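Listed here are the chains, written in short residue letters.
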Amino acid sequence: MSYQHIDVKPISGALGAEIYGADLATLTDDVFTEIHDAFLEHQVIFFRDQIITPQQQVKFSARFAPIGYYPFLNGLPGCPEVIEVRKEPEDELNFGGVWHTDTAYLAEPPMGSVLYAKEIPETGGDTMFANLYLAYETLSDAMKAILDGRRGVNSSRKGDAAAGRQKSVDENPKDASDVQTESIHPVVRIHPETGRKALYVNRGHTVCFEGTSPEESAPILEFLFEHQIRPEFTCRFQWTPGSIAVWDNRCALHYPLNDYHGQRRVMHRVTMQYPMLVIFQLFQHLINAPILKYDLGDLG
């Protein structure tokens, strides 16, 4: 793809690219159009040396899709769209410290996220990403036949993911009594903008296949979890203060490494809502109808 306003440098053969020549606090529409093209092409994009306020982070994120909210944590005072992801030197677990896609247990998981590095440890604290297009495309035809049309059960209460968020929830709880904590989604997901198929299961949240027990599903799911993160499907990003990552939650896994014990790491995250959900909500508001219950199988 040819870019006229930005410089796009892939960081691996699988996914991920650093973008240069863009000040995210003062973007023009022409520059953002190319950033969005790079986002769809590389699944996760990175920027260095950005200085933005929480409000500017929200404004940039809203160019991709309407802003969503993380269901279990309150946002920053004065800017509730931004949550702080923090690990203190005495903490043993980190937030989201397992391979996952964000909040797959919701009926409408987010489109993506924008993560801004505020404070970085001297060593460690990198984040890894994995390409779910490649994970699906490299399966055998026989395995694709088994998975196509099958749906997975995803839960917020699954082991490591739940444990990693608990300290943050305890410190800054949000009323989540009405949050859906289990949802069923297609195992093979069609990306609404690229049309490509992605293997949409993840170790952090996927419990079993619909209609089966976790024990029955475990052998195939364990194979898929390991297959998704083959080294040739991944990239690794080394953070510096002022770095920003924007990832596509529809086709990429991520994994924040927990290798900086005794050091502090502080990030600001904004969640971008699934665009089709907003269209449905607007339509139903206009006709004064109740919100329909659906999952991603209805959205493609």
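Structure shown above.
A brief look at the structure comes next.

Each value, and the rule that gives it
- Residues numbered from 1 in each chain as written.
- Predicted model: local features only at pLDDT ≥ 70, side-chain atom pairs only at ≥ 80, totals over all residues.
- Heavy atoms only, no water.
- Helix = DSSP H or I, 4+ residues; strand = E, 2+ residues; numbered from the N terminus.
- Contact = heavy atoms within 4.5 Å.
- Areas by Shrake-Rupley, 256 points an atom, 1.4 Å probe, with all protein chains shown as cover.
- Phe/Tyr/Trp six-rings, centres within 6.5 Å; stacked < 30°, edge-to-face > 60°.
- Buried < 20%, exposed > 50% of the residue type's maximum accessible area, 1.4 Å probe, protein only.
- Pairing = 2+ DSSP bridges.
- Axes fitted to C-alpha atoms, helices over the stretch in contact; angles between N-to-C directions.
- Salt bridge = Lys/Arg side-chain N within 4 Å of Asp/Glu carboxyl O.
- Core = buried A, V, L, I, M, F, W, Y, C linked by side-chain atoms within 4.5 Å.
- Bend = angle between axes of the 7 residues up to and from the residue.

The subject of this paragraph is the overall build of the chain. Tallying secondary structure elements over the chain gives seven helices and 16 strands in all. Once local pairs closer than 6 in sequence are excluded, the contacts in the chain between residues at least 24 apart make up 83%. With an accessible surface of roughly 13400 Å², the chain has 53% of that area assigned to carbon and sulfur atoms.

For A62, the location among the structural elements is in helix α2 (residues 54-62). Note: C-alpha distance between A62 and M272 (210 residues apart in sequence) is 7.1 Å.

Scanning all chains against the criterion turns up ten aromatic pairs. Ring geometry for F237 versus W239: centroids 5.0 Å apart, planes at 80°, classification edge-to-face. For the pair F237 and W239, one class covers both residues: buried. An aromatic cluster is built from F32, F39, F47, F60 and F64, whose rings are joined through pairwise contacts.

Another aspect to go through is the sheet that holds strand β12 (residues 206-209). With antiparallel pairing, the three strands of this open sheet are ordered in space as β9-β8-β12. Unpaired on one side and paired on the other, β9 (182-186) and β12 mark the two borders of the sheet. Neighbouring strand axes in the sheet, compared pairwise and without regard to direction, differ in orientation by 30° on average. Where strand β8 (residues 151-155) and β9 come together, five bridges link them in antiparallel fashion. The residue of β9 that forms the bridge with G152 is H185.

Counting across every chain of the model gives 18 salt bridges. One salt bridge connects D7 with K9, and the closest N-O pair in it is separated by 3.9 Å. Judged by its relative accessible area of 36%, D7 falls in the partly exposed class. The exposure class assigned to K9 is partly exposed, which follows from its relative accessible area of 45%. The salt bridge partner of R264 is E88, with a shortest N-O separation of 2.9 Å. With R264 in the loop between β15 (252-256) and β16 (265-272) and E88 in the loop between β5 (82-87) and β6 (112-119), this residue pair connects regions lying 176 residues apart in the sequence. In this structure R264 comes out as partly exposed when scored by relative accessible area, which is 31%. If you follow the salt bridges from partner to partner, you end up with E84, R86, E88, E119 and R264 in one network.

Right, let's talk about the sheet that holds strand β13 (residues 234-237) for a bit. One open sheet accounts for three strands, arranged β13-β7-β15; its pairing is antiparallel. At either end of the open sheet lies a strand with only one pairing partner, and these are β13 and β15. Along the sheet, successive strands turn relative to each other by an average axial angle of 20°, direction set aside. Pairing of strand β7 (residues 127-131) with β15 involves five bridges; the strand directions are antiparallel. Residue pairing for β15: M128 is matched across the bridge by Y255.

Take the nonpolar core next. I35, F47, F60, F64 and V246 are the most contacted members of the largest nonpolar core, which has 26 residues in total. Those elements that place two or more of their residues in this core are β2 (17-20), α1 (29-42), β3 (44-47), β6 and β14 (244-248). Considering every element that reaches this core, the biggest residue donor is α1, with six residues. When near neighbours in sequence (up to four residues on either side) are disregarded, F47 contacts I19, A22, L24, I35, F60, G242, S243, I244 and V246.

Before going further, it helps to spend a moment on helix α6 (residues 214-228). Within an α-helix, residues lying three or four positions from one another point in the same direction, as the helix has 3.6 residues per turn. At I220, α6 shows its largest kink, close to 40°. Taken together, the buried positions of α6 are occupied by S217, L221, L224, F225, H227 and Q228. Where the residues of α6 are buried, they touch β7, α3 (132-137), α4 (141-147), β11 (197-199), β12 and β15.

Turning our eyes to something else, we now look at the side chain of R269. Secondary-structure assignment places R269 in strand β16. When its relative accessible area of 7% is taken as the criterion, R269 is described as buried. For R269, the residues in contact, after removing those within four places along its chain, are Q57, Y70, E81, V82, I83, V85, F95, D102, S113, V114 and L115.

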